[in-house]
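Remarks on the overall topology
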Amino acid sequence: MKTTFVVPDDLEPARRDPAAPAIGEAVPPHNPRCHGCGPDAENGLHLRAVFGENLTATATLVVEPRFEGGPGVIHGGIVSTLFDEMMGLANVHLGVVAVTAVLDVDYARPIPVGTTLRLVGRVLGRQRRKVYSAVEAFDDAAGPDAEPLAAGHGIFVVVDPRAHFAATRP
Ligand SMILES: CCCCCCCC/C=C\CCCCCCCC(=O)SCCNC(=O)CCNC(=O)[C@H](O)C(C)(C)COP(=O)(O)OP(=O)(O)OC[C@H]1O[C@@H](n2cnc3c(N)ncnc32)[C@H](O)[C@@H]1OP(=O)(O)O
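To start, this report covers the structure provided alongside it. (Residues numbered from 1 in each chain as written. Predicted model: local features only at pLDDT ≥ 70, side-chain atom pairs only at ≥ 80, totals over all residues. Heavy atoms only, no water.)

Comments concerning the site of the ligand
- Inspection of the region around the ligand gives 19 residues, with Asp 84, Thr 100, Arg 128, Arg 129 and Lys 130 positioned closest.
- Here an oxygen atom of the ligand sits 2.6 Å away from a polar atom, N or O, in the side chain of Asp 84.
- Between the ligand and the protein, one listed contact pairs an oxygen atom with a side-chain N or O atom of Arg 129 at 2.7 Å.
- Protein contact buries 56% of the 1300 Å² of open area that the ligand shows by itself.
- Elements that contribute at least two residues to the shell around the ligand include exactly helix 1 (76–91), strand 3 (98–107) and strand 6 (150–158).
- The class makeup of the residues in the shell around the ligand is 10 nonpolar, four polar and five charged. (Near = heavy atom within 4 Å. Polar contact = N/O pair within 3.5 Å; in protein donor to acceptor, adjacent residues only side chain to side chain. Areas by Shrake-Rupley, 256 points an atom, 1.4 Å probe, with all protein chains shown as cover. Helix = DSSP H or I, 4+ residues; strand = E, 2+ residues; numbered from the N terminus. Nonpolar A, V, L, I, M, F, W, Y, C, P; charged D, E, K, R; others polar.)

Rendered as structure tokens:
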């Protein structure tokens, strides 16, 4: 991967919230209308992620024709949305509400429509209110040792959700 995103080398370890759902359980939807994971989002991506070891969240998704950008390949903005969501869902391990401040995407390979993607988001560590996370997208049919088709990083900032969404929550 050729990303220029810099992960600080002095990150504090992120700790799992003991109250978070167990490893192996589904990440609960945070908002039923969320475009990434909400079951009620009519044209949403409907990601269903599961908590994994080492502060990971994993999901699979078939690249549908409605996700097309260039001829026969996924739109880059869809990859960005998937990455934002998967890192956000991994952050749920921490029991905080954190919004995206920075999203960095490395589009390493074209991703054909019809591919089944395996998406793995992971919390890397914290720095004060910042949560650093990473994500990779694999061709699920390519086996466990395949290189990722795309990878990303994010900086998420922990907020008080009541104050942050006070003006916009329906
Ligand atoms: C879809 C929404 C879901 C919401 C999630 C809630 C539920 C969670 C549960 C389940 C997860 C589900 C998964 C969801 C995944 C998708 C998440 C999204 O897409 S969120 C929408 C897009 N993002 C925004 O709309 C933020 C808009 N921006 C802001 O509101 C502010 O800029 C904010 C909160 C990010 C920071 O503002 P300040 O005033 O509170 O804090 P300051 O002091 O500026 O920054 C704190 C630290 O962060 C750094 N920081 C802030 N912005 C930065 C930047 N652009 N680059 C680098 N560092 C930055 C600062 O330098 C500071 O770091 P130092 O501790 O001093 O080192």
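Here we look at the sheet that holds strand 6
- Read from one edge to the other, the open sheet built from six strands follows the order 1-2-4-5-6-3, with strand pairing classed as antiparallel. Pairing within the sheet leaves two strands with one partner each, and these edge strands are strand 1 (50–52) and strand 3. With direction set aside, neighbouring strand axes in the sheet form an average angle of 25°.
- Sheet topology note: the strand 5 (residues 130–139)/strand 6 ladder contains eight bridges and is antiparallel. Paired with Lys 130 across the bridge in strand 6 is Val 157.
- Its contacts with the sheet place helix 1 against strand 1, strand 2 (56–62), strand 3, strand 4 (116–127), strand 5 and strand 6, and it is angled at close to 130° to strand 3. (Pairing = 2+ DSSP bridges. Axes fitted to C-alpha atoms, helices over the stretch in contact; angles between N-to-C directions. Contact = heavy atoms within 4.5 Å.)

Things to note about the environment of Ala 57
- Relative to the helices and strands, Ala 57 resides in strand 2.
- Expressed as a C-alpha distance, the spacing of Ala 57 and Phe 165, which sit 108 residues apart in the sequence, is 25 Å.
- Those residues in contact with Ala 57, other than ones at most four positions away along the chain, are Val 27, Ala 49, Val 50, Gly 52, Met 86, Leu 89, Ala 90, Leu 119, Val 120 and Gly 121.

Details of helix 1
- The first and last C-alpha atoms of helix 1 sit 23 Å apart over 16 residues, in line with the 22 Å expected at 1.5 Å per residue.
- Looking only at helix 1, the buried set comprises Ile 78, Val 79, Ser 80, Leu 82, Phe 83, Glu 85, Met 86, Met 87, Leu 89, Ala 90 and Asn 91.
- Buried positions along helix 1 lie against strand 1, strand 2, strand 3, strand 4, strand 5 and strand 6. (Expected span 1.5 Å × (residues − 1). Buried < 20%, exposed > 50% of the residue type's maximum accessible area, 1.4 Å probe, protein only.)

Here's the deal with the pairing of strand 5
- Counting buried positions along strand 5 gives seven out of 10 residues, so the element sits mostly inside the fold.
- Examined bridge by bridge, strand 4 and strand 5 share 10 bridges and lie antiparallel to one another. By the bridge assignment for strand 5, Gly 125 is matched with Tyr 132.

Regarding unusual backbone geometry
- Residue His 46 is not a glycine yet carries a positive backbone phi of 55°.
- Locating His 46 in the fold gives a position in the segment before strand 1.
- Relative accessible area serves as the criterion here: at 35%, His 46 is assigned to the partly exposed category.
- A positive phi angle, near 55°, is found at Asn 54, a position not held by glycine.
- Within the element layout of this structure, Asn 54 appears in the loop between strand 1 and strand 2.
- Residue classification places Asn 54 among the exposed positions, given a relative accessible area of 62%.

As for the side chain of Asp 104
- Relative to the helices and strands, Asp 104 resides in strand 3.
- Although Asp 104 is buried, it makes no salt bridge; Arg 122 carries the closest opposite charge, 13 Å away.
- A polar atom in the side chain of Asp 104 sits 2.8 Å from the side chain of Thr 3. (Lys, Arg positive; Asp, Glu negative; His and termini not counted. Salt bridge = Lys/Arg side-chain N within 4 Å of Asp/Glu carboxyl O.)

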